[in-house]
Amino acid sequence: MAKQRNETPMKLAKIVKHCRIDKPRHFKLADHDPAERFGLSTDIEDVRHVLADGVARMEELQQRLYAQGQWGVLMVFQGMDAAGKDGVLKHVMSGINPQGCEVHAFKTPSADELAHDFLWRTGKDVPARGRIGIFNRSHYEEVLAVRVHPEFLERQNLPSSATGKNIWEHRFEEIRAFERHLARNGTLVLKFHLRISKGEQHKRFLARLDEPFKRWKFSVNDIAERGYWDEYMVAYQDMIRETSTDYAPWYVVPADHKHVAWLVVSAAIIEALEGLKLEYPKVTGKALERLKKVERALKAEKA
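Treat the numbers as computed from the prediction; the structure is a model and nothing was measured.

**Brief notes about empty space enclosed by the protein**
Next up, step 1: Evaluated as defined, the whole model comprises one cavity of 30 Å³ or more.
Next up, step 2: Considered as a void within the structure, the largest cavity measures approximately 80 Å³ in volume.
Next up, step 3: Surrounding the largest cavity, Pro 109, Glu 113, Leu 114, His 116, Asp 117, Phe 118, Trp 120, Arg 121, Glu 142 and Gln 156 form its lining.
Next up, step 4: Mapped by element, the contributors of at least two residues to the lining of the largest cavity are helix H4 (111–114) and helix H5 (120–123).
Next up, step 5: Classifying every residue of the lining of the largest cavity by side-chain character gives four nonpolar, two polar and four charged.

Set out below in structure tokens:
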């Protein structure tokens, strides 16, 4: 067990590198096995300590992020129904201070949202510097669900000049520009595609139906969307090819084994945050002198 405890973090660094899509033009979704474990244990108890260490490290990094106030962090999670997005947030982000974090779950767009450009509803929720923003689904629904269901596009009431055959290429270009703008202005953008197999989704749907306390998660629409599986796989592959960049990378995370997904996402976030070289602000000069004066006055007070 001790040997495994020491080896797992090093192994995770290699796994994160494998999951990060650095050469998107050559990306093939089929090359990424949803059931891949990368040699990690099948038993969550064997790696629970690694998850706990990750939660503690992320908590420390968030404190530095907030104190420094120079970077915002945007995490985007996309995946088919039952891929485990909520579970990742629960187990990976459990140490995050809610005062410095906001989670946005984007559902069917409202009439007001449909009346704006497709980036408007997510753009207004980008985190401020010092804060973490989590998008459970995101602007990428506009090149996923809307692409698979052309009738969704009709509801946006766009002019004919904006709905031609190149609409998806244009949207990919606009998303890249949007994320480049964020990165240039102090927002770290991390994107996670939780890749689940159709067979595993089937098992999880049945589990939701079999267990009364999980039935609320199930929607009849989930079954309808399952019928478009192949179309979604094509859309996901194109999306990742066109929008995984050095300033806003995609990580394709195998999600058939839930704890493997938790470990990979945790390690990827920590690696990216550590790359920001976050430090607590140093108090110097006259500001430090004032603090020392206050300190002396407090020490001189009678308890």
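**Let's talk about the packing of aromatic side chains**
Next up, step 1: For the coordinates displayed, the defined rule picks out four aromatic pairs.
Next up, step 2: Taking 5.2 Å as the distance between ring centres and 20 degrees as the angle between the ring planes, the aromatic pair formed by Phe 77 and Phe 192 counts as stacked. In this pair, Phe 77 is assigned in strand S1 (residues 72–79) and Phe 192 in strand S4 (residues 187–195), connecting sequence segments 115 residues apart.
Next up, step 3: Judged by its relative accessible area of 1%, Phe 77 falls in the buried class.
Next up, step 4: With a centroid separation of 5.2 Å and an interplanar angle of 20 degrees, the aromatic rings of Phe 192 and Tyr 251 are classed as stacked. With Phe 192 in strand S4 and Tyr 251 in strand S5 (residues 250–254), the pair connects residues that are 59 residues apart, well separated along the chain. Each member of the pair, Phe 192 together with Tyr 251, is buried.

**Notes on the nonpolar core**
Next up, step 1: The biggest cluster of nonpolar side chains holds 81 residues, and the ones touching the most others in it are Met 93, Phe 192, Met 239, Val 265 and Ile 269.
Next up, step 2: The leading source of residues in this core is helix H12 (residues 258–274), at twelve residues.

**Considerations on unusual backbone geometry**
Next up, step 1: For Arg 137, which is not a glycine, the phi torsion comes out positive at approximately 70 degrees.
Next up, step 2: For Arg 137, the location among the structural elements is in the loop between strand S3 (132–136) and helix H6 (145–148).
Next up, step 3: Unusually for a residue other than glycine, Lys 277 sits at a positive phi of about 55 degrees.
Next up, step 4: Among the structural elements, Lys 277 can be located in the loop between H12 and helix H13 (285–300).
Next up, step 5: We classify Lys 277 as exposed; its relative accessible area is 63%.

**Focus: the packing of helix H2 (residues 48–68) against H12**
Next up, step 1: Packing of H2 against H12 brings their axes to within 10 Å, and their N-to-C directions diverge by 30 degrees. By the criterion of interaxial angle, the relationship of H2 to H12 is roughly parallel. The element H2 and its partner H12 pack so that their crossing is left-handed. Only Trp 262, Leu 263, Ser 266, Ile 269, Ile 270, Leu 273 and Glu 274 of H12 make contact with H2, whose side of the interface consists of Val 50, Leu 51, Gly 54, Arg 57, Met 58 and Leu 61.
Next up, step 2: Class assignment of the residues belonging to the contact of H2 with H12 gives a composition of nine nonpolar, two polar and two charged.

Reading the values: rules and limits
- Residues numbered from 1 in each chain as written.
- Predicted model: local features only at pLDDT ≥ 70, side-chain atom pairs only at ≥ 80, totals over all residues.
- Heavy atoms only, no water.
- 1 Å grid on protein atoms, 1.4 Å probe; cavity = no way out; pocket = protein on both sides within 12 Å on 5 of 7 lines; lining within 4 Å.
- Points joined across faces, edges and corners; volume = space filled by probe spheres on them.
- Helix = DSSP H or I, 4+ residues; strand = E, 2+ residues; numbered from the N terminus.
- Nonpolar A, V, L, I, M, F, W, Y, C, P; charged D, E, K, R; others polar.
- Phe/Tyr/Trp six-rings, centres within 6.5 Å; stacked < 30°, edge-to-face > 60°.
- Buried < 20%, exposed > 50% of the residue type's maximum accessible area, 1.4 Å probe, protein only.
- Core = buried A, V, L, I, M, F, W, Y, C linked by side-chain atoms within 4.5 Å.
- Axes fitted to C-alpha atoms, helices over the stretch in contact; angles between N-to-C directions.
- Parallel < 35°, antiparallel > 145°, perpendicular 65-115°, else oblique.
- Left-handed = near helix turned anticlockwise from the far one by under 90°.
- Contact = heavy atoms within 4.5 Å.

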